[in-house]
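Take a look at the letters that make up each chain.
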Amino acid sequence: MKVKVLCRNPDDYVRETTRDIQRVPRNYDPTLHPFEVPREYTRALNATKLERVFAKPFVASLDGHRDGISCIAKHAKSLSTVLSGACDGEVKVWNLPRRECVRTIQAHEGFVRGICSRFCGTSFFTVGDDKTIKQWNMEPPGCGVQEEPINTILGKAVVTGIDHHQREATFATCGQTVDIYDEQRSSPIRSFSWGVDSFSCVRYNPVETELLASCASDRSVVLYDMRESTPLRKVVMKLRSNTLCWNPMEAYYFTCSNEDYNLYTYDMRHLKCPVTVHMDHVSAVLDVDYSPTGREFVSASFDKTIRIFPKDKGHSREVYHTKRMQHVICVRWSADNKYVLSGSDEMNIRLWKANASEKLGVLSSREKIAANYNKKLIEKFQHHPQVKRIARHRHLPRDVLKQKKQQREMKEAKRRKEQNVRKHSKPGSVPLVPEKEKHVVAVLE
Amino acid sequence: MAVSAEKEFAMDNDVISASEDEEGSDDERKHNKLLQAISSLGGKRRKNQTERSEASLQVSEFFVSAEGAGDKVGLSDLLGTVEKTTGATKTKKQLRNLQNRNETLELPLNKEQTEKIQRSVAYEKSTKEVTNWQSVVIQNQKAEQLVFPLNQEPSGPKRVEQVVAGWKAETPLEQEIFRLLHMNKQPLHDPVLTPVEEASLMAMSLEEATIRRAELQKARALQSYYEAKAKREKKIKSKKYHRIQKKAKRKEFVKQFEERMKTDPTGALEELKKMEMSRMEERMSLKHQNSGKWAKSKAIMAKYDDSARKAMQEQLQINKDLTQKIATLSDDEHETPEESEMVPDFVNDVEPITDPVNPWMRSRIPQEEPEISCVTPDKPQTSEEEEERNEEEELLADFQRRRTLRRTEDDDLIPTAAEEQINTCEVSREEVVGDGTVEISDSEEEEEEDVSQFNTLFKLMSSEKTHEGPAPTQDQQEDEEQLDEGQLRVRSMEDLEVLEEVSDPRPGTPAAPSMPQPTASDPLAKRSKREIDLSEVLTKEAKTIKVALTPTVVEDEEREEQISIIKEAFAGDDVISDFLIDKRKQEEAGRPKVVDLTLPGWGEWGGVGVKPSQHKRKRFRKKMAPPPSRQDQKLPDVIISEKRNSSIATHQVSHLPFPFQNATQFESCIRTPVGQTWNTQTAVKKMTMPKVVTTAGAIIEPLVKEDYIKDKSTKPMGKGPAILLNDKRGAKDGKPSDKHKGRDSHKRRRNKP
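Not measured: the values here are computed from a predicted model.

What to know about the nonpolar core
Line of reasoning, step 1. Grouped together as the largest cluster of nonpolar side chains are 37 residues, with contacts concentrated most on Val221(A), Leu223(A), Phe254(A), Tyr266(A), Met268(A) and Trp133(B).
Line of reasoning, step 2. Residues contacting Leu223(A), with those up to four places away along its chain left out, are Leu212(A), Ala213(A), Pro231(A), Leu232(A), Arg233(A), Trp246(A), Phe254(A), Met268(A), Leu271(A) and Tyr123(B).

What follows is the structure, encoded as structure tokens:
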């Protein structure tokens, strides 16, 4: 005989622990839960407010350098290690969780211009104003042993930047030319130049690893392929680009930080105009770094602020500043997408949260659910004026605010003037040029 | 040049040194040196230099030096020896042709241009390569959720089998164990599953498994249904039922057989043979012949026991059935329709007599009808109908009386008679239709049957009436409504008033559609071709603008014609009244509505069909306070919308946000709640899923080409030396050389800053 028995899943009515709240069977009949939109709206508003309340992005400041920080590098394999070079030729290795300097090397005479870690994390390279490229062991030497580089390459001219290949034992430097070095040789295996100019930054593409890009002082960004004997293409803009960074998840996008207060994201296949112009800074942008997820990037500016931009938005979603932070020279996004490091003129490295209101540490599952729900609510009601107002509000230093206002006025005046000119001239003679196309002067083949 | 200069310098040194150690050297050497020094100072130096090949004035691109300035290298110089060699006639010919050619070759492109071409070619190549990533990029952008690091290895402790892959069994015991495992085909190292298990895993994916499971479930359910049905049927004790069933089955079989004859003659033949065989067997055997032991005992019992007799008869019947020739079966078929079993079930149903004591219940059926038809306002029609009905009812009542009398006399006859009612049914129906009166036969049984037939008939008729009766009235109503709609277009004030009456029926009072008809028809009749009178329509006088008339050539009559034409053309468009209707509607909408707050069951009895009392309803009907007067109350030709509420406006979205196409889309997006209050847990989880998930302390590496793009041609070429060097370096460091792979097996996870 077949006996049918009622059986229930204990997961439905037994709580996980005795500390957990009792499971209550729910009735989802919509008539029992009216006013869903107003209630959710209130929740969204509260979530937005709380997000702003908990937005405390500053985590730590690492002090110890005796001059302005000129460059920062992430360790390739360890999240807790960070390298920094200062304007007095000193290189420091930091331990982030302990927030202390582990090792100090007097690497160069004059500026340390660039620093990069080898892909395996066993050694790192520095370049300085003394025309040398030095390779250092990541492990500190034994007690009482002099700090000495593994390898030193004497260059002919000052080297201003360095970047290491993602998987091979080659690295690229820039100075008067862009040189590709093999780690085993003292002279470059390849040297690219295109006209007489000096370069300020060279970066390998982390995805399509044979590609490179560099910023030159003739206001151009030049693309290279390591396998070719000539550069690929050159795009000249109205003002000079300081640094650039490739998107680590999307092989053909890179973003360069420009002297004209803007950042430009380019598709390397279509250099005629940038994909996006990111505007918000009020002074020259000095450095840029992508988040490892490739969704956002952080930029450091001469206006003493750091801004975080979504990769496809024209305006920043976040701005970080402190009273004591001076011109920010270099900035890096940590490899686990949680932190941002900034090095500034006043000899400090600052550690920020990438997501200002995120709770650090382990989250319980209920906390996680609540956080997700709140995030979703804010996203859902983001267009409502009250929510938008609260979510967008940021406190800015007075001079930044003033400058911003001033620039807005200037822009408006320019726009108005153009409009008037257009109005009073023959139709079609003053074409409407979109913002994107205004900044590229030429693309050279 | 630099080399030669160095040499010179060295010679000078030599000269000095020679002069210094004058004493210790012999004359010959000194002399030589002196000669050399002199020669180096003089013109001999140049001669020496000309001897050096790399320092010549003209250096050809192909390392062939032409002797003396201005001399050109000819092809014959280069290939002088070719003429002497044998063979290679073809190339010789070609060379000769070349030599004879007088055309000069074009200059090679200058360096800049060649570089430009090289660059553009290289650029094209690299862009092509980069474009391979597009699909990956788009996929990542469209992904509902990305969990970083991508391509994560399964975290957690590794299996022992994976950890000790290199371990070998050494002791005899271990060896024994491993041999056993080997023999039983148990997994030893990496795959924990046996080959059989793996095969089964491979064979069935999750989807397939779910589908299969669903199928099985369905099959099981069906089986249980059938079982239950079979049980139920088995439990039915009625022999008649079973007999009918059996017969039906047989008929079904025969039918199938017939069909089979048409479609599959060979199969049918086989069937036929089978049947023939069974018949033969039956004829041969003594089964069902009532000659067995059991049959004999039954035969003895048959005298006294009815059931025994029946059993015996059944046996005989079976025998008869089986031994019957199949050809006769088809004859049976023709006869069957006359049998009672063939009649559909509903015909057999006895009139449901709920209360035999109360025969008037039956006459209820027509009485219920007026509930539907009461809406029809046509009084004369209904009265006629009622008269008819009364006559019918009287007749019916008569029948009923007689019937009840009969029933009291012999109650048990009715059910058996029910089957045979139908045979005469058709005849009686004809009678009913033909004469309209029913002849009551003499025999009582027939009479009774007739009565029941009449009942069924009457029921049919009455149902027809219920269908037909109210239907025309409804149509009428609809017609009226449509008419009203047609009349909505109003030209004058009077019409408007009428319209208003029609358009707002008072709540509570039932609408009487027939009532306004005469009143509405009057103005309709009255309405002549009147033009719109502005002063009548609008309370305020319209400003008349006087415009100087342009001198017109057209005569007055023509103009009037024109005007009339225009009027005719725009006769349908009545803008002003439309506007007025609009305004009135808005005012209506703005008026406060009565809110009914009665809760049934509070303070009195509640339940199905119990309505709250009038007193209570009156008490809890709240009239809302009238809103402040409209802004356009005194402006007859303006509608000022009062939808905007300034206190809410600060919370409302003024512009349609970007990704949305229209307002309804946006509204529906906002209207769907995402919270746990309104959704199940899984739904909430799905809806609030973050787009990007990262784990604290996990390094997110950039994409690796080998993981995504499987094209062999795009793989880096000519990387031999670099990898080699790297390997050397790894060896020097004393670290494993697989570090350059990018995706290392050891990833430090837990060293979060």
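Next comes the rest of the description.
A short note on a negative patch on the surface
Line of reasoning, step 1. A cluster of like negative charges, contributed by Asp556(B), Glu557(B), Glu558(B), Glu560(B) and Glu561(B), occupies part of the molecular surface.
Line of reasoning, step 2. Take Glu558(B): it is sitting in helix α27 (residues 556-569).

Section: the environment of Asp182(A)
All names here are of chain A.
Line of reasoning, step 1. Turning to its location among the elements, Asp 182 is positioned in strand β12 (residues 178-182).
Line of reasoning, step 2. Overall, Asp 182 belongs to the buried group, its relative accessible area being 5%.
Line of reasoning, step 3. Along the chain, Asp 182 and Ala 169 lie 13 residues apart, while their C-alpha atoms are 6.3 Å from each other.

As for the interface of chain B and chain A
How big an interface is tends to be stated in terms of the accessible area lost upon association of its parts.
Line of reasoning, step 1. Taken residue by residue, the interface counts 74 residues in chain B and 73 residues in chain A.
Line of reasoning, step 2. In this assembly, chain B and chain A are joined by five salt bridges.
Line of reasoning, step 3. With a closest N to O distance of 3.1 Å, Arg167(A) and Glu706(B) form a salt bridge.
Line of reasoning, step 4. At the junction of chain B and chain A, the tally comes to 25 residue pairs in polar contact (both at pLDDT 80 or more).
Line of reasoning, step 5. Counting residues per element, the side of chain B that touches chain A draws most heavily on helix α6 (residues 111-131) of chain B, which supplies 13 residues.
Line of reasoning, step 6. Broken down by class, the residue content of the side of chain B that touches chain A amounts to 30 nonpolar, 26 polar and 18 charged.

A look at a nonpolar patch on the surface
Line of reasoning, step 1. A grouping of Met1(A), Val3(A) and Val5(A) is seen on the molecular surface, where their side chains present a nonpolar patch of about 430 Å² in accessible area.
Line of reasoning, step 2. Within the secondary structure, Val3(A) is located in the segment before α1 (36-53).

Overview of the pattern of salt bridges
Side chains that differ in sign of charge can pair as their charged atoms come close.
Line of reasoning, step 1. Counted according to the given criterion, the structure contains 45 salt bridges over all chains.
Line of reasoning, step 2. Connected through shared salt-bridge partners, Arg52(A), Glu296(A), Arg317(A), Glu318(A) and Arg394(A) make up one network.

Concerning the UniProt feature "repeat: WD" (unreviewed entry) in chain A
Line of reasoning, step 1. Taken from the UniProt record, the annotation "repeat: WD" (unreviewed entry) applies to residues 62-104, 278-309 and 321-362 of chain A.
Line of reasoning, step 2. Taken end to end, residues 278-309 of chain A is 0% helix and 56% strand, and its two terminal C-alpha atoms sit 8 Å from one another.

A look at the packing of aromatic side chains
Line of reasoning, step 1. Scanning all chains against the criterion turns up 13 aromatic pairs over all chains.
Line of reasoning, step 2. Taken together, a centroid distance of 6.0 Å and an interplanar angle of 50° make the contact between Trp133(B) and Tyr708(B) tilted. Taken together, the residues Trp133(B) in the loop between α6 and α7 (134-142) and Tyr708(B) in helix α33 (residues 705-708) connect sequence positions 575 residues apart.
Line of reasoning, step 3. The exposure class of Trp133(B) is buried, given its relative accessible area of 0%.
Line of reasoning, step 4. Sitting over the face of the ring of Tyr13(A), Arg8(A) holds its NZ or CZ atom 4.4 Å from the ring centroid.
Line of reasoning, step 5. Note that Arg269(A) overlies the ring of Tyr252(A), its terminal NZ or CZ placed 3.7 Å from the centroid.

Conventions we followed
- Residues numbered from 1 in each chain as written.
- Chains lettered and ligands numbered in written order.
- Predicted model: local features only at pLDDT ≥ 70, side-chain atom pairs only at ≥ 80, totals over all residues.
- Heavy atoms only, no water.
- Core = buried A, V, L, I, M, F, W, Y, C linked by side-chain atoms within 4.5 Å.
- Buried < 20%, exposed > 50% of the residue type's maximum accessible area, 1.4 Å probe, protein only.
- Contact = heavy atoms within 4.5 Å.
- Patch = residues over 30% accessible without salt bridge, like charges linked within 9 Å, V, L, I, M, F, W, Y side chains within 5 Å.
- Areas by Shrake-Rupley, 256 points an atom, 1.4 Å probe, with all protein chains shown as cover.
- Salt bridge = Lys/Arg side-chain N within 4 Å of Asp/Glu carboxyl O.
- Lys, Arg positive; Asp, Glu negative; His and termini not counted.
- Charge placed at Lys NZ, Arg CZ, Asp CG, Glu CD.
- Helix = DSSP H or I, 4+ residues; strand = E, 2+ residues; numbered from the N terminus.
- Polar contact = N/O pair within 3.5 Å; in protein donor to acceptor, adjacent residues only side chain to side chain.
- Nonpolar A, V, L, I, M, F, W, Y, C, P; charged D, E, K, R; others polar.
- UniProt positions renumbered as here; feature names shortened; annotations may be inferred.
- Phe/Tyr/Trp six-rings, centres within 6.5 Å; stacked < 30°, edge-to-face > 60°.
- Lys NZ or Arg CZ within 6 Å of the ring centre and 35° of its normal.

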